[in-house]
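Reading the structure
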Amino acid sequence: MVGHSKYTGIGVAIVLLLVAIASGWMLARRAVPGSGDMREHLRDRGRVLCVCGDDLGRLSAHGTTLVDVADLSGIGALLDATDERALTSALARSHIAHVLIDTAQPLRGRSVIARLSRLERVSGFVGVYLAPSLSLYAVRPWFTLDEARFGDALATVARRVLMGDVPPQPSSFPEQLRSERVVEVMVRVSDGDRPRMWRSARGSSIANALLVATHAIFDRWREREHAMQESLSHALARMNVEVLLLEEDGAFDEPTAAAIDRAITLEHGVGYTFRDAWEYALPAQVRVDGSGSKALHALFAAHSLPDTAIARDDLRVYRFSVTLLGRSLAPVSLAGAGEDSRAGIASWRAVTGP
């Protein structure tokens with residue numbers, strides 16, 4: 001009987017241990033309020049800095065280790081400062097590629113952490129996933145274009161191609177412009193402050209996307225030349241050509257009007273992907289429409305989607321930022337056209353070589 005009691009006690013202890021393990025696992029895996037599908041988006045991210053409360057810190061995912069700010073020397077002070085470049089450099093040295101931010105309680109001030117908590121655009125950080133109470137950001141290497149050589153030269157390349165010149169091969173662009181980097185580039189032609197036509201393209205490099213977007217404008221203008229009431233080459237004599245970089249800055253977990261309007265700042269546009277297509281409203285259009293949610297529903301109406309489409313599983317709503325890469329100003333006079341042409345040739349060669 002004694003032996004039986006002994007084994008019974010051991011069996012009870014094992015059962016209690018298993019129950020405790022299961023309870024702990026279930027507690028760790030239970031849904032964290034306001035996190036949406038964040039656990040799924042955290043998979044395989046490596047070391048992720050968690051700037052959030054204990055409750056949000058319970059999030060765990062395969063292939064990811066959440067690192068507390070207190071465990072990284074100096075990072076807390078940099079988060080409370082305003083130097084984004086110093087912070088991203090320190091995170092890179094600590095092998096941190098993503099940051100999880102508590103956005104339920106926005107902070108005041110101009111520190112990096114305060115701006116991220118308010119969902120503002122912050123250089124060096126790109127939104128990945130925006131849940132109601134927290135957001136996941138990727139720490140990106142700083143993209144700096146050598147503006148003296150390449151910035152406005154990109155727009156000059158676009159202008160020359162639009163005028164009918166043979167486009168350069170992507171391989172002839174400098175390495176910085178043809179390096180592998182999934183991007184979306186927009187080319188826009190404007191008559192003063194009034195945009196006349198614009199097209200964007202996604203590509204494997206800035207050079208690739210630039211040429212695709214430029215060809216799209218060329219073909220579209222030619223198709224509508226009668227409606228445009230002049231040839232493209234003639235119109236370009238008075239029109240500016242701009243090249244812009246469009247960067248996604250976070251997909252919405254719950255694209256409610258309140259969530260969209262909070263996240264779409266003055267520097268953001270709003271867009272959606274549906275099946276194989278994507279549509280967007282630039283920041284200027286968002287301001288005209290009055291808010292991000294109104295701009296999104298205007299996009300729905302323009303493309304024959306009902307407002308209820310926002311609840312579809314195959315429709316994804318995101319925000320994006322816009323950076324002007326370069327501008328080619330229109331010749332202001334026939335006398336200045338020759339000078340502008342010589343400058344344009346110099347810019348063309350700066351990008352594509354002799």
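The structure under discussion appears in the preceding block.
Bear in mind that the values here come from a model prediction, so they are computed numbers and not experimental data.

What follows deals with the overall build of the protein. Regarding its fold elements, the protein presents 14 helices and 11 strands. Per-residue burial for the protein yields a buried fraction of 44% across its 354 residues. Partitioning the intrachain contacts of the protein with sequence separation of at least 6 by distance along the chain shows that 67% fall at a separation of at least 24. When the accessible surface of the protein is split by element, carbon and sulfur atoms take 55% of a total near 18500 Å².

In this section: the nonpolar core. The biggest cluster of nonpolar side chains holds 39 residues, and the ones touching the most others in it are Leu-49, Leu-91, Phe-125, Val-270 and Tyr-272. Residue contributions to this core peak at 4 residues, all from helix H13 (residues 292-302). Those residues in contact with Tyr-272 that sit more than four places away from it in its chain are Ala-277, Trp-278, Glu-279, Leu-296, Leu-299, Phe-300, His-303, Leu-305, Leu-315, Arg-316, Val-317 and Tyr-318. Of all hydrophobic cores here, the second largest spans 34 residues; its members include Ala-155, Val-157, Val-187 and Trp-221.

Let us look at the side chain of Ser-135. Structurally, the position occupied by Ser-135 is in strand E5 (residues 134-139). Classification of Ser-135 as buried rests on a relative accessible area of 1%. Beyond its immediate chain neighbours, meaning those up to four positions away, Ser-135 contacts Met-38, Val-99, Leu-100, Ile-101, Thr-103, Leu-119, Tyr-129 and Leu-130.

Attention now moves to the environment of Thr-88. Mapped onto the fold, Thr-88 is located in helix H4 (residues 84-93). For Thr-88, a relative accessible area of 6% translates into the label buried. When the C-alpha positions of Thr-88 and Phe-125 are compared, they lie 8.1 Å apart, and in sequence the two are 37 residues distant.

It is worth spelling out the packing of aromatic side chains at this point. As enumerated under the stated definition, the model contains 3 aromatic pairs in all. Between Tyr-272 and Phe-300, the aromatic rings sit 5.2 Å apart at their centres with planes inclined by 75°, giving edge-to-face as the arrangement. In this pair, Tyr-272 sits in strand E9 (residues 268-274) while Phe-300 sits in helix H13, placing the two residues 28 residues apart along the sequence. Relative to Phe-320, the ring of Tyr-318 has its centre 6.2 Å away and its plane inclined at 50°; by these criteria the two rings are tilted. For the residue pair Tyr-318 and Phe-320, the accessibility class agrees, reading buried in each case. Taken together, Tyr-280, Tyr-318 and Phe-320 form an aromatic cluster joined through their ring pairs. For Arg-202, the ring lying beneath its charged end belongs to Trp-278, and the centroid distance is 4.0 Å.

The rules behind each value
- Residues numbered from 1 in each chain as written.
- Predicted model: local features only at pLDDT ≥ 70, side-chain atom pairs only at ≥ 80, totals over all residues.
- Heavy atoms only, no water.
- Helix = DSSP H or I, 4+ residues; strand = E, 2+ residues; numbered from the N terminus.
- Buried < 20%, exposed > 50% of the residue type's maximum accessible area, 1.4 Å probe, protein only.
- Contact = heavy atoms within 4.5 Å.
- Areas by Shrake-Rupley, 256 points an atom, 1.4 Å probe, with all protein chains shown as cover.
- Core = buried A, V, L, I, M, F, W, Y, C linked by side-chain atoms within 4.5 Å.
- Phe/Tyr/Trp six-rings, centres within 6.5 Å; stacked < 30°, edge-to-face > 60°.
- Lys NZ or Arg CZ within 6 Å of the ring centre and 35° of its normal.

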